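Each chain, letter by letter, is given below.
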Amino acid sequence: MGQALRNLASIARQRGDNEVALRFLHDAVVLYRNLDDPSQLAGLLVELAAMEATMGRGAKALQALAESTRLGDQIGRLPGRSYVLEVAAFVHLVRGQRALAIAALGAYHAHPPGGTRWVPSSVGYGWLAEAVEVMRTQLDPVEVAAATMAAHDRSLDDLIDKLIVQPAERCRDHG
C-alpha cells in the first residue's frame, strides 16, 4: 500500500499536480508510521522533504529531513546515507540559506554514498534529480569546492547534525 501511494505521488507529480502528489506522500508517511516501519519511513521522509522544498515549503522540508536522519540513527547508520546532504542542499537553497546549501553540497561531495553519486531517480523521482542539478548550477563551484575540503575532516554524523538537525531545530523554534 505504501509503495502504491508513492507511485501515485509520482504519477501526480508527472502530471504537474504537486498538491495531489504531496497528499499521497503524506498519506504514505501516516501509513508507515502506523505500520511502525522506520526503514521505509526514513526513505519516504526524504522524498517528502524534496517535494515540500519543490513547492517552496522549506521549513516543512527541513523538518522531514531531520526526522528521516533521526530514524536513520534509530535503525542503524546505513552506508550511503550521506545522500540526505544533497537533498539538504536543495532544501537550504529553497529556504534562501545559500551558505548552508553550499556547506551541505560540499559535505555530500566529501562523503559520497558508497563512493558514488546518489541518483534520486532510482526512487522514481527523476524530477528530483533535475531539481538537484539545477540547484548545483546556482551555487558557486569554487565555494562548493572549499566546503568540500572543509568537510573532509569532519565526521558524517557531525555534518548531518550541523547541516540538517540543528537548522531544523532552529527553524522549529523560530517558526
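One numbering rule holds for all chains: residues counted from 1, following each sequence as written. It should be noted that, the model being predicted, local features are given only for residues of pLDDT at least 70 and side-chain atom pairs only at 80 or more, the latter also being counted only at that level, while totals for whole chains, interfaces and linings use all residues. Side-chain figures throughout are based on the complete set of non-hydrogen atoms in the structure, without hydrogens or water.

Considerations on the overall build of the protein chain
Helix and strand assignments follow DSSP, with helices taken as H or I runs no shorter than four residues and strands as E runs no shorter than two, numbered in order from the N terminus. Along the backbone of the protein chain there are nine helices and zero strands. Note on classification: 1.4 Å probe, protein chains only; a residue is buried when its accessible area is under 20% of the maximum for its type, exposed when over 50%, partly exposed between these limits. Per-residue burial over the protein chain gives 47% buried out of 175 residues. Nonlocal contacts in the protein chain, meaning residues at least 24 apart in sequence, comprise 70% of its contacts between residues at least 6 apart. Whether two residues are in contact is decided by their heavy atoms, any of which lying within 4.5 Å being enough.

Thoughts on the nonpolar core
Membership of the largest hydrophobic core comes to 58 residues, with the highest contact counts inside it found for Leu65, Leu85, Met135, Leu139 and Ile164. Here this core gets ten residues from one element, more than from any other, and that element is helix 3 (residues 38-54). Once residues lying within four places of it in the same chain are set aside, the contact partners of Ile164 are Leu62, Leu65, Ala66, Thr69, Val84, Leu85, Ala88 and Leu159. Residues belong to a common nonpolar core when they are buried Ala, Val, Leu, Ile, Met, Phe, Trp, Tyr or Cys residues joined through side-chain atoms within 4.5 Å.

Some remarks on the pattern of salt bridges
In a structure, side chains of opposite charge can pair up when their charged atoms sit close to one another. We define a salt bridge as a side-chain nitrogen of Lys or Arg found within 4 Å of a carboxyl oxygen belonging to Asp or Glu. As enumerated under the stated definition, the model contains seven salt bridges in all. Close ionic contact of Arg6 with Glu47 constitutes a salt bridge, the shortest N to O distance being 2.9 Å. With Arg6 in helix 1 (residues 2-14) and Glu47 in helix 3, this pair connects stretches of sequence that are 41 residues apart. For the salt bridge of Arg57 with Glu52, the shortest nitrogen-to-oxygen distance reads 3.8 Å. For Arg57, a relative accessible area of 28% translates into the label partly exposed.

Here's the deal with the environment of Ser82
With respect to the helices, strands and loops of the structure, Ser82 is situated in the loop between helix 4 (58-75) and helix 5 (83-94). On the basis of relative accessibility, which here comes to 1%, the residue Ser82 falls in the buried class. Here the alpha-carbon distance between Ser82 and Ile160, two residues 78 residues apart in the chain, equals 8.0 Å. Beyond its immediate sequence surroundings of up to four residues, Ser82 is in contact with Tyr108, His111, Pro112, Pro113 and Leu156. Pairs of N or O atoms within 3.5 Å make up the polar contacts considered here, provided that, within protein, one atom can donate a hydrogen while the other can accept it, and that residues adjacent in sequence are counted only when both atoms are side-chain atoms. From its side chain, Ser82 meets the backbone oxygen of His111 in a polar contact 2.4 Å long.

Some details on the packing of helix 4 against helix 5
Axis definition: a line fitted to C-alpha atoms, limited for helices to the stretch in contact. Angles are taken between N-to-C directions and run from 0 to 180 degrees. Orientation of helix 4 relative to helix 5, taken along the N-to-C sense of each, is 160°, at an axis distance of 9 Å. When the interaxial angle is binned, helix 4 and helix 5 end up roughly antiparallel. Relative to helix 5, helix 4 is oriented so that their crossing is left-handed. On helix 5, the residues touching Gly58, Ala61, Leu62, Leu65 and Thr69 of helix 4 are Val84, Val87, Ala88, Val91, His92 and Val94. By residue class, the composition of the contact of helix 4 with helix 5 is eight nonpolar, three polar and no charged. These descriptions rest on fixed angle ranges, namely under 35 degrees for roughly parallel, over 145 for roughly antiparallel, 65 to 115 for roughly perpendicular, and the rest for oblique. It is the rotation of the near helix from the far one that decides the hand of a crossing: anticlockwise by less than a right angle makes it left-handed, clockwise makes it right-handed. Just so you know the grouping, Ala, Val, Leu, Ile, Met, Phe, Trp, Tyr, Cys and Pro go in nonpolar, Asp, Glu, Lys and Arg go in charged, and all remaining residues, Gly too, go in polar.

Everything listed here is a matter of coordinates, which is why it stays silent on function.
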